[in-house]
Amino acid sequence: MAGEPQADCLFCKIVAGEVPATVVRETETTVAFRDINPQAPTHVLVIPKVHYPDAASLAAAEPQVMADILRESGQVAADDKVDDKGYRVVFNTGAGAGQTVFHAHLHVLGGRGLNWPPG
């Protein structure tokens, strides 16, 4: 059921503490941790503690949690001191867009030049 932890979800396991992660921030509704395959000096994932497969379904069901994720992305950027030079936030939605874990998550990327358009 949407919103409930999924036994086969890597990010649900990180939220539950069953899988280790380098957590940089945690709130009542979110967890932010370093990506294990960073694409920039700052590459942090911000996830909701509730399970929804993508950003659109999370925003439709729990808009306040979506707002919490966006707010935390700014805090992550500030903590990593990339907020002044610029950073990127990305939601990949669907396999064709590069989503590999089907639990809504936002990437915070910074600390290097980020070209446009992205690859």
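What counts and how
- Residues numbered from 1 in each chain as written.
- Predicted model: local features only at pLDDT ≥ 70, side-chain atom pairs only at ≥ 80, totals over all residues.
- Heavy atoms only, no water.
- Pairing = 2+ DSSP bridges.
- Helix = DSSP H or I, 4+ residues; strand = E, 2+ residues; numbered from the N terminus.
- Axes fitted to C-alpha atoms, helices over the stretch in contact; angles between N-to-C directions.
- Contact = heavy atoms within 4.5 Å.
- Phe/Tyr/Trp six-rings, centres within 6.5 Å; stacked < 30°, edge-to-face > 60°.
- Buried < 20%, exposed > 50% of the residue type's maximum accessible area, 1.4 Å probe, protein only.
- Disulfide = S-S within 2.5 Å.

Novice: Give me the sheet that holds strand E4 (residues 87-90): which residues, what numbers.
Specialist: Taken together, the five strands give an open sheet; going across it, the order is E1-E2-E3-E5-E4, and neighbouring strands pair in antiparallel fashion. Of all the strands in the sheet, just strand E1 (23-26) and E4 have a single pairing partner and so form its edges. In this sheet, neighbouring strand axes are inclined to one another by 20° on average, regardless of whether the strands run parallel or antiparallel. With three bridges connecting them, E1 and strand E2 (residues 30-34) associate as antiparallel partners. By the bridge assignment, glutamate 26 is partnered in E2 with valine 31. Running at roughly 155° to strand E3 (residues 42-48), helix H3 (residues 63-79) makes contact with E1, E2, E3, E4 and strand E5 (106-110) of the sheet.

Novice: Let's hear about the packing of aromatic side chains: which residues, and what values?
Specialist: What the rule picks out here adds up to one aromatic pair. Considering the side-chain rings of phenylalanine 11 and phenylalanine 33, the 5.5 Å spacing of their centres and the 75° angle between planes classify their relative orientation as edge-to-face. In this pair, phenylalanine 11 is assigned in helix H1 (residues 10-16) and phenylalanine 33 in strand E2, connecting sequence segments 22 residues apart. The pair formed by phenylalanine 11 and phenylalanine 33 is uniform in burial state, with each residue classed as buried.

Novice: So what's going on with the state of the cysteines? Which residues, and what values?
Specialist: Simply put, disulfide is the name for a covalent bond between the sulfur atoms of two cysteines. For the structure shown, the criterion picks out zero disulfides. As a non-bridged cysteine, cysteine 9 has cysteine 12 as the owner of its nearest cysteine sulfur, 3.7 Å distant. Since its relative accessible area comes to 6%, cysteine 9 is described here as buried.

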